[in-house]
Amino acid sequence: MGNQYVEMGLSAPVNATWEVTFKCNLSCIHCLSDSGRKRPGELTTAECRQVIDQLAGQKVFQFNIGGGEPFARPDFPDLMEYAHEKGMVTCISTNGTLIDRDIARRLDKGLVYIQVSLDGAAPESNDAIRGQGSFKAAMKALDHLHSRSIEVSINTVLTRLSFPELDKLHDLAASVGAKLRVSRFRPSGRGKASWSDLNVSQDQMADFSGWLSQHLGVSTGDSFFSVTTEERRSLGLNMCGACKLTCCVSPKGEVYPCAFLQDPDFLAGKLPRDRFGDIWRDSPVFASFRELEIKSCESCHRFDLCHGGCPAIAFHTQRKLGVPDPGCLVNCVTVKSMEKFEKHVAKTAMAAG
Amino acid sequence: MGPHTIYNLNAGVQVRREVFGLLFYNYKGPRLYFVPSRDLIDPDFFDGRRTVGDLVDTLGSRHAWPEQWISDRVHQVLGVLEEKGLIHGQSVC
């Protein structure tokens, strides 16, 4: 990644996350956007086409589509075809439950990647997080997509529950011709309420870092640069891409730095009312984000690998920006070493006593 | 690659101008490729309507750079882009 070129300021994001609806037929306990019912003010079909026009006009290369469940919008396949006509690539995150043969057939004509969400390698573990029947439906979608040779990933959010199943999920993905992608759990949406129960321990995060180093084919998006090791240095970002490489458009057209910072404090503009190019270039919110420095991390030996980690997690857990990511590998390894040391001391004390 | 070669983007490749030069995006990955070429080559060049010779001539008339230097630099950049699988050339001679 050419950090020095990114720091010069890009004319537009490389990709934009677009949450096209709040509507979802599942009710996952960690949902970052608290999705469920369609909400008032969601963009109409005509407005969505204007959003596509605006971003294509700025030469944004890719939409990362999420929600809600994108396929819960009846106009969604048409909108994707419209984006593809404009030359844009779409990466669609879906629960898979609404993908049938016909949808898969329409998708295989476009520049599209699909990420099907699974949070466990078996119905019991997955459905405990994502709801009854969701595993079976997602597997059926994977079959449909595989039969059309569409590039697919299984997307898993790393939690205390999914962490022990990573090897099985890796095998499951391979068995359906998919890659495994692991995303970071963030305390936004319903994730705020489930954060303390589901977030991995620092010990697990340190182990996960090691696991990633041994599974270089597993992708992480921009989720885990706080625990990236040298082995994965060339595989992705080593810094937060918000407002530099990416941004987020909400179902109502609001523009934010990233999907995990959809708070009023971070609202940069609204589409299609405002011009996307103006928001990207002139928004004070984006300008301040680009200047964000995590000073306390700069002397760390890992700074070049993570640049302080994810500001969204730091914000949600500490209510301020410019502070280190609490999932920092240095902290995790220190905590893990301390826990081992404490166990060792306790064992020694027991043996002596 | 000769002066009568035109270039087009490969399937799934997009390009845009940036302050530093050109930013390529490849659907097939690796996704991004940064080319610090400043204003040497315009993204429109990859629509295949102008030859390498046309490009060198245009740059020669626009800048006081030595023609050989321009030609060498253009050939170097295009060669790397072709090697990376981002563009393909075709002789129109």
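Residues numbered from 1 in each chain as written. Chains lettered and ligands numbered in written order. Predicted model: local features only at pLDDT ≥ 70, side-chain atom pairs only at ≥ 80, totals over all residues. Heavy atoms only, no water.

(A) Representation of the sheet that holds strand β2 (residues 62-66) of chain A in the model. Residues and elements named next belong to chain A. The strand order across the open sheet built from nine strands is β6-β5-β4-β3-β2-β1-β7-β8-β9, with neighbouring strands paired in mixed fashion. The open sheet terminates on both sides in strands that have one partner only, identified here as β6 (179-184) and β9 (269-270). As paired strands, β2 and strand β3 (residues 89-94) are joined by four bridges and run parallel to one another. Note on β3: the bridge partner recorded for N64 is C91. Contacting β4 (112-117) and β5 (151-158), helix α6 (residues 134-147) crosses the sheet at an angle of about 160 degrees to β4. (Pairing = 2+ DSSP bridges. Helix = DSSP H or I, 4+ residues; strand = E, 2+ residues; numbered from the N terminus. Contact = heavy atoms within 4.5 Å. Axes fitted to C-alpha atoms, helices over the stretch in contact; angles between N-to-C directions.)

(B) Summary view of the sheet that holds strand β4 (residues 32-35) of chain B. Residues and elements named next belong to chain B. With respect to topology, three strands assemble into an open sheet ordered β2-β3-β4, the strand pairing being antiparallel. In this open sheet, the two edge strands, each paired with only one partner strand, are β2 (13-18) and β4. Strand after strand, the sheet turns through a mean of 20 degrees between neighbouring axes, direction not considered. Pairing geometry for β2 and strand β3 (residues 21-26), over six bridges, is antiparallel. Bridged to E18 within β3 is G21.

(C) The arrangement of the side chain of R181(A) in detail. Residue and element names in this part refer to chain A. Looking at the element boundaries, R181 is found in strand β6. Polar contacts involving the side chain of R181 include one to the side chain of N155, which spans 3.1 Å. One polar contact links R181 to S183, side chain to side chain, over a distance of 2.9 Å. What R181 contacts, discounting residues up to four positions off in sequence, is Q115, S153, I154, N155, T156, S219, T220 and G221. (Polar contact = N/O pair within 3.5 Å; in protein donor to acceptor, adjacent residues only side chain to side chain.)

(D) Here's a closer look at the interface of chain B and chain A. The interface is formed by 16 residues belonging to chain B together with 23 residues belonging to chain A. Roughly 1,600 Å² of surface becomes buried between chain B and chain A when both sides are summed, with 64% attributable to carbon and sulfur atoms. Looking at the side of chain B facing chain A, the largest losses of area belong to R16(B), Y27(B) and F34(B), adding up to 41% of the total buried there. For the pair chain B and chain A, the interface holds zero salt bridges. The set of elements that each furnish at least two residues to the side of chain B that touches chain A consists of β2, β3 and β4 of chain B. Broken down by element, the residue count for the side of chain B that touches chain A peaks at five residues, all from β2(B). For the side of chain B that touches chain A, a count of residues per class yields nine nonpolar, one polar and six charged. (Buried area = accessible area lost by both parts, 1.4 Å probe. Salt bridge = Lys/Arg side-chain N within 4 Å of Asp/Glu carboxyl O. Nonpolar A, V, L, I, M, F, W, Y, C, P; charged D, E, K, R; others polar.)

(E) Layout of helix α8 (residues 191-198) of chain A. All names here are of chain A. The set of residues buried in α8 consists of G191, S194, W195 and L198. Projected down its long axis, α8 shows its buried positions confined to an angular sector of 140 degrees, all on one face. Facing away from the buried side of α8 by more than 90 degrees, the exposed set consists of A193, S196 and D197. Its buried side turned inward, α8 meets α13 (311-318). (Buried < 20%, exposed > 50% of the residue type's maximum accessible area, 1.4 Å probe, protein only. Arc of directions from axis to C-beta.)

(F) Representation of the environment of C297(A). Residue and element names in this part refer to chain A. Tracing the sequence through the fold places C297 in the loop between α11 (284-290) and α12 (303-306). For the pair C297 and C328, spaced 31 residues apart in sequence, the C-alpha to C-alpha distance is 9.9 Å. Not counting residues up to four positions away in its chain, the partners in contact with C297 are F303, G308 and P324.

(G) Geometry of the packing of aromatic side chains. Residues and elements named next belong to chain A. Summed over the entire model, instances satisfying the criterion amount to 17 aromatic pairs over all chains. Plain terms: the ring middles of F266 and F289 are 6.3 Å apart, the flat faces sit at 85 degrees to each other, and that makes the pair edge-to-face. Within this pair, whereas F266 is found in the loop between β8 (254-256) and β9, its partner F289 is found in helix α11, the two being separated by 23 residues in sequence. A centroid spacing of 5.0 Å and a plane angle of 80 degrees characterise the contact between F266 and F315, whose relative ring orientation is edge-to-face. Separated by 49 residues along the polypeptide, F266 in the loop between β8 and β9 and F315 in helix α13 bring together distant segments of the chain. Relative accessible area serves as the criterion here: at 6%, F315 is assigned to the buried category. (Phe/Tyr/Trp six-rings, centres within 6.5 Å; stacked < 30°, edge-to-face > 60°.)

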